[in-house]
Structures are given as C-alpha cells and as structure tokens.
Amino acid sequence: MANEVLMPKLSSTMDVGTITTWLKNEGDSVEIGEAIFEVMTDKIAIEVEAYDEGILLKKYIGDGESAPVNSVIAYIGEAGEDVPAEMPSGEAEAAVEEPEKAVEAVAEPVNETVVATTKVRATPAARRIAREKGIDLKKVQGSGPKGRIQAMDVKEYQEPTTAATPKAAVTEGELIPWSGMRKAIADKMSESKQTIPHVTMNAEVDLTKVIELRKQLLPMVEERTDQRLSFLEIIAKAAMVALKAYPEFNAHAYEDGIKQFDQVNLGVAVAVDAGLVVPVVEQASQMGLSDLTAAVKAVTKKAREGQLMPAEMSGGTFTISSLGRSKVQTFNPIINLPEVAILGVGGSYDKLIVKNTSEGPSVATVTALNLCLSFDHRVADGAPAAAFLSMIVDLLENPMSLLL
C-alpha cells in the first residue's frame, strides 16, 4: 500500500508550508532518510527526508506552491500502485501559492458577464474580485508561480482601449511575488510595527578604550576559541551587564502581561542572501567574552551557511542588530516579537573632539559609533530606556568594568 507524504509542521507557529524545490521527480526511487523536498518556513528552507522507501508515485503540489501542515502532498510506494489522481478536495482548496492565504470557499452568484474561469489558474481571492468586477480571468496575465493569477493582478487589470491615436508602449518592470523568506520577514516586521508603539533613542560611544581593550584581549580570546574577538561581542557583553540593572528590557510582551527573564537569550541579526535571520545564543548573560565570542561566531556561521534549525531562532529575549562596517551611522531597528527591545549598532566613524589638557585645549580624532535602542513604549517609558542606553555607553567608554 502506498505511503502518504505529509507537509511537516516544523515550528509551533507554522500552519502552511511552501515547497521551494522538489529534490525528487515522479518515478524516482526514494530511500528512507533521503531528502525529497525543501520547504520554506520561519525564514529558512529545510530539507525534508523520507520516512518510507519506494518510488515517488505522485506529487500534488509543485515548486513555489503551498499546502497546510499535515496535508497529503505526495505518495511513495511500489511501481504501478494506484494513488489518487488529485489531492483530496479539502486539502487542494487550501493549497495555494503565497502570498495569498487560503480562504474558505463561499457560494456567490456568478456575474453573467463573466466567462467561466474554472480552468484558469487563479487564487480564490482573485476569482472573487474577478466576479465582483466582471473581469474575464482568461484575459488577465498571472504574476504568481507558474502563471497563477493573484488578487493584485485582477485589481490592476484594465480592459484594452480602442483609442484612435495609438499610445506609446509602456515599459513594465518585473513583479516579484512575496514568497519564501522575504514573505516571512514582511509579515513579521509588519506585525511588529502595527502592534508595538516603537520609540528609538540614539547615543554616541567613544570607542577609544574599547579599541585598546580589544587589542589586549584579541590574542587571548583567539588562543582559547580560534576566533577573533570583535566589537560586536564587546557591545553585546555591555548590553548583558546593563540588562541585569534594567530587566524590564529583557522581557516578552503578551496580551495578558509582561514576562521578564532572569537570563538573557541573545538574538543576533544576521544578513543572508535571501534576507535576514536572527539566531539565538542561549544564556548569553552567563558567558565571558571568550565564550560569547565563540557562541556568536558559531550561530552566525550556521546562519550564513543555511544550516539553522527553527529551534535555533526561537526563545530570544533581547536582540542586537549591527550594521558592521557600513557607512550608515544611525537607524531605527524594528523589535523582534515578542521581545520588547532591540539594540542597533551603526557603522563606526572618525570624529574630531576637543580635549582639555594641562597645556590647554587640543584637537584629537577618535573612533565613534551610534547605538540605537528601539523599545516597546507599552512596557517601558523614556526615562528608564535612556538610563539603560546610557549605562551601555558608560560601560563601553570604561570597558575594564566588563571584566569584573
């Protein structure tokens, strides 16, 4: 008897999975433990292995298409076995491409001016809009995967005109549908900005003493970890110390209240080819600079190599987002739900300052950077946020205290 291949549930929040690519074609042999497709969820693509061996008899959805978790998306069995020709109706209705979500089918009167569109590849929302506007879907160019018509395509469709004077041709750009990691990031960032009243504060740090400390610690940390200590780990350590004094920023915000944490699970924003991921260093507040350096380097390496699992991007209580060597000096980072604060680190720059010496004022050049703290104004007010950010600055301008 042929075995069902189900859309896996890879995280607690996953309701729908999107196939990024099938690694096997119909008719290919499959062994237990062999990867058969790749599914996108929670910002990362994960290869899914087979639980059964045999022949991949049938695939019900293709690359770029989606299906609810635990729905049947394929069959594996012996050559020649009978399997359903189509996906079960309930699952087929829900299996639509991103970015539009599956919607419940509703019996609606069909506009008599609309030509039957049942053979056209279109999302349920696109069909509904077409009925309302009296548009023949056969005339609409689809922008979705494999030419499927999306709601936006119908909204933007215009009937051809028969103007006497021909108009100059309009050069159209390429429409890139929301999908995969970009869709996950868009949804999460939109939810954060719509849900949380963000406030961002900026403070400048003189890095003179941090640079001196790093030079002293660099060979010792490298000997212990085979990794180079960076400014990011020193800034992270300062944030860990400050969070002990201001635990209201090491918390999650929920509808029924605020949950503060004793330990800091540090999220580190990492830019990858397809977008941004935030791996988590668990119990970062318990680590010294050597251990923190090794842990941060390990998770960022896995992120860039696409090896993160969903569990490694959950459970964060405070996040740092660094622009590294960017020319951008300040920005407004978006809070990573359900956290209540995020620390942005701008690119460093040279700055002229006036120093008062025994011989009188003198001009000097120092290296500085801006720290940008975004916080949830429902959870904390401006005074404690300013004090928290000021403490991080003080720790970095007097960094020997981080070693105590």
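Just so you know, these numbers come straight off a predicted model, no measurement behind them.

Rules used throughout
- Residue numbers here run from 1 along each chain, matching the order of that chain's written sequence.
- pLDDT decides what is reported in this predicted model: residues at 70 or higher carry local features, side-chain atom pairs at 80 or more are listed and counted, and totals for whole chains, interfaces and linings draw on all residues regardless.
- Only hydrogens and water are set aside when side-chain values are computed; all heavy atoms of the structure are taken into account.
- Secondary structure elements follow DSSP: runs of H or I of four or more residues count as helices, runs of E of two or more count as strands, with numbering from the N terminus.
- Each residue after the first adds 1.5 Å to the expected span of a helix.
- Working definition: with a 1.4 Å probe on protein chains only, accessible area under 20% of the residue-type maximum means buried, over 50% means exposed, and in between means partly exposed.
- Put simply, a salt bridge is a Lys or Arg side-chain nitrogen that is within 4 Å of an Asp or Glu carboxyl oxygen.
- Any two residues whose heavy atoms approach within 4.5 Å are treated as being in contact.
- Buried residues of nine kinds, namely Ala, Val, Leu, Ile, Met, Phe, Trp, Tyr and Cys, make up a nonpolar core once their side-chain atoms join them within 4.5 Å.
- Directions are taken from the helix axis to each C-beta atom, and the arc is the one they span.
- In this analysis, axes come from line fits to C-alpha atoms, helices being fitted only over the stretch in contact, and the angle between any two N-to-C directions falls in the range 0 to 180 degrees.
- Geometric relationships in this document are graded by angle, where less than 35 degrees denotes roughly parallel, more than 145 denotes roughly antiparallel, 65 to 115 denotes roughly perpendicular, and other angles denote oblique.
- Crossings are assigned a handedness: left-handed for a near helix turned anticlockwise from the far helix by less than a right angle, right-handed for a clockwise turn.
- As defined here, a cavity is a set of points on a 1 Å grid over the protein atoms alone where a 1.4 Å probe fits but cannot get out. A pocket is an open set with protein on both sides within 12 Å along at least five of seven lines, and residues line them when an atom is within 4 Å of a point.
- Grid points are joined across faces, edges and corners, and a volume is the space filled by probe spheres set on the points.
- Strand pairing is assigned whenever DSSP detects at least two bridges linking the two strands.
- Only four residue types enter the tally: Lys and Arg on the positive side, Asp and Glu on the negative side; His and the chain ends are excluded.
- Stacked, edge-to-face and tilted labels apply to pairs of Phe, Tyr and Trp rings (six-membered ring for Trp) whose centres lie within 6.5 Å, assigned for plane angles under 30 degrees, over 60, and everything in between, in that order.

> Is there a simple way to explain helix H6 (residues 231–245) in this structure?
Structural remark: α-helix, 3.6 residues per turn; residues separated by three or four positions point the same way. Compared with an ideal rise of 1.5 Å per residue, which puts 15 residues at 21 Å, H6 spans 22 Å between its outermost C-alpha atoms and is within 8% of the ideal. Within H6, burial applies to Glu233, Ile234, Ile235, Ala236, Lys237, Ala238, Ala239, Met240, Ala242 and Leu243.

> Explain the pattern of salt bridges to me, please; I cannot follow it from the model alone.
A side chain of one charge can pair with a side chain of the opposite charge when the charged atoms of the two come close. The full count for this structure, using the stated rule, is eight salt bridges. As a salt-bridge pair, Arg228 and Glu222 come within 3.7 Å of each other at their nearest N and O atoms. Classification of Glu222 as partly exposed rests on a relative accessible area of 33%. The shortest N-O distance in the salt bridge between Glu305 and Lys301 comes to 2.9 Å. Its relative accessible area of 42% is what places Glu305 among the partly exposed residues.

> Hey, could you run me through the side chain of Ser290 in this one?
Mapped onto the elements, Ser290 comes out in helix H7 (residues 289–304). The buried category is assigned to Ser290, whose relative accessible area is 12%. Excluding its chain neighbours within four sequence positions, the residues that come into contact with Ser290 are Val221, Arg224 and Thr225.

> What is the right way to look at the nonpolar core in this model?
Generally speaking, soluble globular proteins have nonpolar side chains that are buried together. Formed by 60 residues in total, the largest nonpolar core has its most connected members in Leu266, Phe318, Leu343, Leu371, Ile392 and Leu396. When residues in this core are grouped by element, the largest group, eight residues, is from H6. Those residues in contact with Ile392, other than ones at most four positions away along the chain, are Ala238, Ala239, Ala242, Leu343 and Leu371. Counting 24 residues, the second-largest nonpolar core is a separate cluster that includes Ala2, Val30, Val48 and Met87.

> Please clarify how helix H8 (residues 382–397) should be interpreted in this entry.
Between its terminal C-alpha atoms H8 stretches 22 Å, which fits the 22 Å expected from 16 residues at 1.5 Å a residue. Inspection of H8 places Ala385, Phe388, Leu389, Ile392, Val393, Leu395 and Leu396 among the buried residues, and these make up the whole buried set. The arc enclosing the buried residues of H8, seen along the axis, measures out at 165°, which places them on a common side.

> Whenever I open this one, the packing of H6 against H8 confuses me. Can you help?
Relative orientation and spacing of two packed helices are given, respectively, by the angle between their axes and the distance between those axes. Following both chains from N to C, one finds H6 and H8 inclined at 135°, their axes separated by 9 Å at the closest point. By the angle between their directions, the pair H6 and H8 is classed as oblique. Regarding H6 and H8, the two cross each other, and that crossing is right-handed. On H8, the residues that touch Ile234, Ile235, Ala238, Ala239, Val241, Ala242, Leu243 and Ala245 of H6 are Phe388, Met391, Ile392, Leu395 and Leu396.

> Hey, could you run me through the layout of surface pockets in this one?
Rolled over the atoms, a probe sized like a water molecule indicates the empty space that remains. Considering only enclosed or pocket space, the second largest pocket measures out at about 1,000 Å³ in volume. Forming the boundary of the second largest pocket are 39 residues, of which Leu232, Ser322, Leu323, Gly324 and Arg325 lie nearest the centre. Every element with two or more residues in the lining of the second largest pocket is listed here: helix H4 (180–195), H6, strand S13 (270–272), H7, strand S16 (318–322) and strand S17 (341–345).

> I keep staring at the sheet that holds strand S3 (residues 29–30) and nothing clicks. Help me out?
Remark on secondary structure: sheet strands pair via backbone hydrogen bonds, oriented parallel or antiparallel. A sheet is described by the order of its strands in space; here four strands give the open sequence S1-S8-S6-S3, paired in antiparallel fashion. Each edge of the open sheet is held by one strand with a lone partner, namely strand S1 (3–6) and S3. Judged from the four bridges that link them, S1 and strand S8 (residues 72–77) form a sheet pairing that is antiparallel. Considered in S8, the bridge of Leu6 is made with Val72.

> When you look at the side chain of Lys237 in this model, what are you seeing that I'm missing?
On the secondary structure map, Lys237 appears in helix H6. Put simply, Lys237 is tucked away with no salt bridge, and the nearest opposite charge, on Asp291, sits 9.1 Å away. Apart from the residues within four sequence positions on either side, Lys237 is in contact with Ser285, Met287, Gly288, Leu289, Leu292 and Leu402.

> Explanation requested: the packing of aromatic side chains in the structure shown.
Where two aromatic rings form a pair, the distance of their centres and the angle of their planes describe that pair. If you walk through the whole model with that rule in mind, you get six aromatic pairs. Ring geometry for Phe249 and Phe388: centres 4.9 Å apart, planes at 10°, overall stacked. Here Phe388 lies in helix H8 and Phe249 lies in the loop between H6 and strand S10 (251–254), a separation of 139 residues in the sequence. Classification of Phe388 by relative accessible area gives buried; the value is 0%.

> Mind showing me how you'd approach unusual backbone geometry here?
Most peptide bonds are trans, and most residues other than glycine sit at a negative phi. Here the amide bond leading from Leu337 into Pro338 is cis, since omega sits at -5°, within 30 degrees of zero. Structurally, the position occupied by Pro338 is in the loop between S16 and S17. Although it is not a glycine, Asp226 sits at a positive phi angle of roughly 60°. As for its position among the elements, Asp226 is in the loop between helix H5 (208–225) and H6. A relative accessible area of 66% places Asp226 in the exposed class. Positive phi, normally seen in glycine, also occurs at Gln283, with a value near 50°. Relative to the elements of secondary structure, Gln283 occurs in the loop between strand S15 (280–281) and H7.

> Before we go on, may I ask you to explain the environment of Val296 in this structure?
Mapping Val296 onto the fold places it in helix H7. Not counting the four nearest positions on each side in its chain, Val296 is found in contact with Leu232, Glu233, Val268 and Val281.

> How should I be thinking about the environment of Glu49 in this particular structure?
Examined against the element boundaries, Glu49 turns out to sit in strand S5 (residues 44–49). Counting along the chain gives 16 residues from Glu49 to Gly33, while the straight-line C-alpha distance between them is 5.0 Å. Setting aside residues up to four positions removed in sequence, Glu49 forms contacts with Gly33, Glu34 and Ala35.

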